[in-house]
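Spelled out, the chains give:
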Amino acid sequence: MTTRVHRLPDDLVNKIAAGEVVERPASVVKELLENALDAGARRIEIEIEHGGKSLIRVRDDGAGMGADDARLAIERHATSKLRQLEDLESLVTHGFRGEALPSIASVSHLVLRTSEEGASEGTEIEVRHGVLVHARAAGHPRGTTVEARDLFGATPARRKFLRADSTEASHVAEAVTLASLSRHDVGFTLSSGGRRMVDAPPTSGLGPRVFQLFGAALLDDLVAVEGGEGGVRVTGLVTRADRPAAGRGTLRIYVNGRAVRDRGLARAVTEAYRLAGAGDRRPEAFLFVDLPPSLVDVNVHPAKVEVRFADARAAWLAVERAVRGALSAGARNAAPRAETGRIEAGRYAERQADGSAVAAEPWRLDFGTTEPAADGTAGAAPGSGPERPERLILVLGQHRNTYLVASDGDELLLVDQHTAHERARYEAILQRLQGRTVESQRLLAPLVITLPPALRAALEDQAEVLAALGFDAEPFGGDAVRLASVPTLLHGRDPATAVAALLSDYLDREAADWAVSTARERLAATLACHSSVKAGHPLPREAQQAIVSGVFAARHPTLCPHGRPTFVRLPREEVTRWFGRVGWRRQ
Ligand SMILES: Nc1ncnc2c1ncn2[C@@H]1O[C@H](COP(=O)(O)OP(=O)(O)OP(=O)(O)O)[C@@H](O)[C@H]1O
Ligand SMILES: [Mg+2]
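Residue indices follow the written sequence of each chain, beginning from 1 at its first position. Here every chain gets a letter starting at A, and every ligand a number starting at 1, in the order they are written. Owing to the predicted nature of the model, reporting of local features is limited to residues with pLDDT of at least 70; listing and counting of side-chain atom pairs is limited to 80 or more, with chain, interface and lining totals taken over all residues. Side-chain metrics in this entry use all non-hydrogen atoms of the structure; hydrogen atoms and water are not considered.

A few words on the sheet that holds strand E11 (residues 222–229). Working definition: the strands of a sheet are paired by backbone hydrogen bonds and lie parallel or antiparallel to each other. Strands were regarded as paired on the criterion that DSSP finds at least two bridges between them. Only runs of H or I of at least four residues qualify as helices and only runs of E of at least two qualify as strands under DSSP, and these elements are numbered from the N terminus. The strand order E11-E12-E15-E13-E14 describes an open sheet built from five strands, whose pairing is mixed. One side of each edge strand has no neighbouring strand; the edge strands of this open sheet are E11 and strand E14 (258–260). Neighbour-to-neighbour, the strand axes of this sheet turn through a mean angle of 20 degrees, independent of strand direction. Bridge count for strand E13 (residues 251–255) against strand E15 (residues 285–290) is five bridges, and the pairing is parallel. Looking at E15, one finds that Tyr254 is bridged to Phe288. Lines fitted to C-alpha atoms define the axes here, with helix axes fitted over just the stretch in contact, and angles between the N-to-C directions of these axes take values from 0 to 180 degrees.

Remark: helix H12 (residues 417–434) packs on helix H17 (residues 541–552), axes separated minimally by 8 Å, with the N-to-C direction vectors making an angle of 55 degrees. In terms of orientation, H12 and H17 fall into the oblique class. The crossing of H12 and H17 is left-handed. In this structure, H12 contributes Gln417, Ala420, His421, Arg423 and Ala424 to the contact, and H17 contributes Ile547, Gly550 and Val551. Reported orientations rely on four angle classes, namely roughly parallel under 35 degrees, roughly antiparallel over 145, roughly perpendicular from 65 to 115, and oblique for the rest. Handedness of a crossing follows from how the near helix is turned relative to the far one, being left-handed for an anticlockwise turn of less than a right angle and right-handed for a clockwise one. Contacts between residues were defined by any pair of non-hydrogen atoms, one from each residue, lying within 4.5 Å.

The next point concerns the site of ligand 1. Proximity criterion: a residue is near a molecule or strand once any of its heavy atoms comes within 4 Å of it. Every one of the 22 residues lining ligand 1 counts as a neighbour, but Thr79, Ser80, Lys81, Glu99 and Lys304 are closest to it. At 2.8 Å, a side-chain N or O of Asn35 approaches an oxygen atom of ligand 1. In the analysis that follows, any N or O atom pair within 3.5 Å is treated as a polar contact, provided that within protein one partner can donate a hydrogen and the other can accept it, and provided that, for residues neighboring in sequence, both atoms belong to side chains. In this structure, Thr79 approaches ligand 1 through a side-chain N or O atom, which is 2.5 Å from an oxygen atom. Only the protein chains shown count as cover for residues, and the accessible areas themselves come from Shrake-Rupley with a 1.4 Å probe. Considering ligand 1 on its own, with 580 Å² of exposed area, one finds that the protein chains cover 96% of that surface. The biggest single contributor to the shell around ligand 1 is helix H4 (residues 100–106), with three residues. Across the shell around ligand 1, the residue classes break down as nine nonpolar, seven polar and six charged. Lys, Arg, Asp and Glu make up the charged group, whereas Ala, Val, Leu, Ile, Met, Phe, Trp, Tyr, Cys and Pro make up the nonpolar group; the residues left over, Gly among them, are polar.

Right, let's talk about a nonpolar patch on the surface for a bit. Residues Leu392, Leu394 and Leu396 make up a contiguous nonpolar surface patch of roughly 310 Å² in combined accessible area. Within the secondary structure, Leu394 is located in strand E20 (residues 394–399). Patch criteria: residues need more than 30% relative accessible area and no salt bridge. Like-charged residues are merged within 9 Å; nonpolar side chains of Val, Leu, Ile, Met, Phe, Trp and Tyr are merged within 5 Å. The rule for a salt bridge is simple: a side-chain nitrogen of Lys or Arg has to be within 4 Å of a carboxyl oxygen of Asp or Glu.

Working definition: with a 1.4 Å probe on protein chains only, accessible area under 20% of the residue-type maximum means buried, over 50% means exposed, and in between means partly exposed. Within strand E6 (residues 122–128), six of the seven residues are buried, leaving the element largely enclosed by the surrounding structure. Judged from the six bridges that link them, strand E5 (residues 109–115) and E6 form a sheet pairing that is antiparallel. Among the inter-strand pairings, Val111 is bridged to a residue of E6, identified as Glu126. Here E5 hands over to E6 after six residues, with Gly118 in that stretch at a positive phi of 75 degrees. Inspection of the sheet shows E6 paired to strand E7 (residues 131–138) by seven bridges, in the antiparallel sense. From the neighbouring strand, Val127 faces E7, where its bridge partner is Leu132. If you look at the hairpin formed by E6 and E7, you'll find two residues sitting between the two strands, and His129 has a positive phi there, around 45 degrees.

With respect to the helices and strands, Asp461 occurs in helix H13 (residues 453–461). Residues Asp461 and Thr167 lie 294 residues apart in sequence; the distance between their C-alpha atoms is 9.0 Å.

The next subject is the sheet that holds strand E21 (residues 403–407). Taken together, the four strands give an open sheet; going across it, the order is E20-E21-E22-E26, and neighbouring strands pair in antiparallel fashion. Of all strands in the sheet, those with a lone pairing partner are E20 and strand E26 (567–570), marking the two edges. Pairs of neighbouring strands in the sheet enclose a mean axial angle of 20 degrees, with direction left out of account. Examined bridge by bridge, E20 and E21 share five bridges and lie antiparallel to one another.

For the rest of this paragraph, the subject is the packing of aromatic side chains. Side-chain rings of Phe, Tyr and Trp (the six-membered ring for Trp) are treated as a pair once their centres are within 6.5 Å; stacked means planes under 30 degrees apart, edge-to-face means over 60, and tilted covers the remaining angles. Across all of its chains, the model carries three aromatic pairs by this definition. For the pair Tyr254 and Phe288, a centre-to-centre distance of 4.4 Å together with 10 degrees between the ring planes defines the contact as stacked. One end of the pair, Tyr254, is in strand E13; the other, Phe288, is in strand E15, with 34 residues separating them in the sequence. In this structure Tyr254 comes out as buried when scored by relative accessible area, which is 1%. Judged by centre distance (4.7 Å) and plane angle (55 degrees), the ring pair of Phe552 and Phe567 falls under tilted. Taken together, the residues span a long stretch of sequence, with Phe552 in helix H17 and Phe567 in strand E26 at a distance of 15 residues. Under the relative-accessibility criterion, Phe567 is labelled buried at 14%. Directly above the ring of Phe96 sits Lys304, whose terminal nitrogen or CZ lies 5.2 Å from the centroid. The rule for a charge over a ring is simple: NZ of Lys or CZ of Arg within 6 Å of the ring centre, and within 35 degrees of the ring normal.

This paragraph deals with the pattern of salt bridges. Two side chains carrying opposite charge are able to pair once their charged atoms lie near each other. All chains considered together, the criterion is met by 40 salt bridges. A salt bridge links Arg577 to Glu574, with the nearest nitrogen and oxygen atoms 3.7 Å apart. Pair noted here: Arg577 and Glu574 are both in helix H18 (residues 572–578), with a separation of three residues, about one helical turn. Within the structure, one salt-bridge network assembled from shared partners comprises Glu47, Arg57, Arg113, Glu124, Arg136, Glu147 and Arg149.

Attention now moves to unusual backbone geometry. Of note, His129 is a non-glycine position whose phi angle comes to about 45 degrees, a positive value. For His129, the position within the fold is in the loop between E6 and E7. Using a relative accessible area of 24% as the deciding quantity, one classes His129 as partly exposed. In the Ramachandran plot, Asn401 falls in the positive-phi region, its phi being about 55 degrees despite a non-glycine side chain. By the secondary structure assignment, Asn401 is in the loop between E20 and E21. A relative accessible area of 30% places Asn401 in the partly exposed class.

Another point: the pairing of strand E3 (residues 55–60). When you tally the buried positions in E3, you get five out of six residues, the bulk of the element. For strand E2 (residues 43–49) and E3, the ladder comprises six bridges, and the chain directions are antiparallel. Across the sheet, Ile48 pairs through a bridge with Ile56, a residue of E3. Hairpin connection of E2 to E3: five residues between the antiparallel strands, including His50 at a positive phi of 50 degrees.

Shown next as structure tokens:
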């Protein structure tokens, strides 16, 4: 058996982007997936417990390692993928630093079992937090299994930085999602606590893979990108220009097969939407940018999530034009999709349109006033009046379909229609949560929707709060979720899209600064946000008045739950001064 793994010479080691690659369970999973893919695996199974904190297991059917290679593999700077720096210019593997396995072994209890094709026996290596326990012969089918337990168990300070199990599981799910999008020909499964989160058998293209991971509703909204120039090829799928932006989309960009964060390319995508007349939005995008390896430097970030282009402008232009081309081709270019027998999210709207589903009726809350629906229509809501005595605040009009100009007889008020509505709505939801009187709307027929893995994790983790908020949603096997009721607040919206947008927003904002702290409050805030009128919507006068009265009747009227202001006052003296009316006589 020839030894293929070797230690890199020191001078080469010094030229390789150094740094910590293990930040959280998802980073371990990312590295192990890349190793499995580099080893030519066709099927990869991932299991985690407690979000990966107590166990991460990645099993592949790749080439495996002989005993000597396996022993070397856990040493620092030992790799089979690079011999000299120039090799980076023609690199086809994910790995090249020889750092991932030893890094993982130094912060976990690692057991690696592996066997090569035709070998009579396999090898087992055990390392506890950096200390080799044993290396011995052991049975294993061709391929490799790496188990990392008790992550950061010996470094409590680092363990402290890990988030809730569900959050870590979501990050793991995203790592698996990213890898599986880059290699649709490889099968991936992910189980968390025995529950299947990803089930993506090998398939024939990106479209079917997106279908496996996200369901048909998303796929229906995508258009194929196929283009490029100047030696840069750009392919993938992006949200069609004519689809309403359902929350903030996720840009997943790959450069030569590596998922990267690249602000420049992200901006190229948004610019393409703007130029295509699709406005200022952040679409869903799965983009693969391919160019000769000699024109991209992958050796700039330890976890290789950033790259440097020899000609960044060429890459930018290629992406912008390819996406713009796809958007203008629009409907002619529907994304390839797989067959499905499921009722998918996008279908709901159609079913509603023919009147078979719940009738449109504006939802309402007891603000003691007319409560506008998210689409701006006003609904007559009886309800009791606010308890506190209220100064009459009169709405004068709407500015740029976004701000409400009002007067309390003394001061001028500029009210943000979205954040103001959101604040009032948020307090009402919390109040109802407390009294367990959140209104829920039973769907005529339960919907089976598909949710991406990360969102499913959030859904399961927050099941109790979601139930209290009026969602009746339960796992339905695989990536399916059965939705029987939604909060009445969301009435009139496609429930599947609403659920997905709500959860992704909730996860997205988890890291952000919140004016509210518990998961329950944050979900209530996200629900409030999604059920409030948006900026840019013309509103009838009654709706404008309802929002303004609503926010000034709120307990904490000044900020929305995400901490943005709801209104500003223009003090009388200020206005007076602007017009040179100083002195009482001239007021
Ligand atoms: N799943 C696997 N199957 C076969 N060989 C593997 C596997 N995982 C690791 N190896 C071998 O062990 C070596 C060390 O892996 P490690 O991830 O530490 O470094 P690398 O992949 O070479 O570089 P990087 O640190 O950039 O990931 C690899 O070069 C490869 O030869
Ligand atoms: Mg590696």
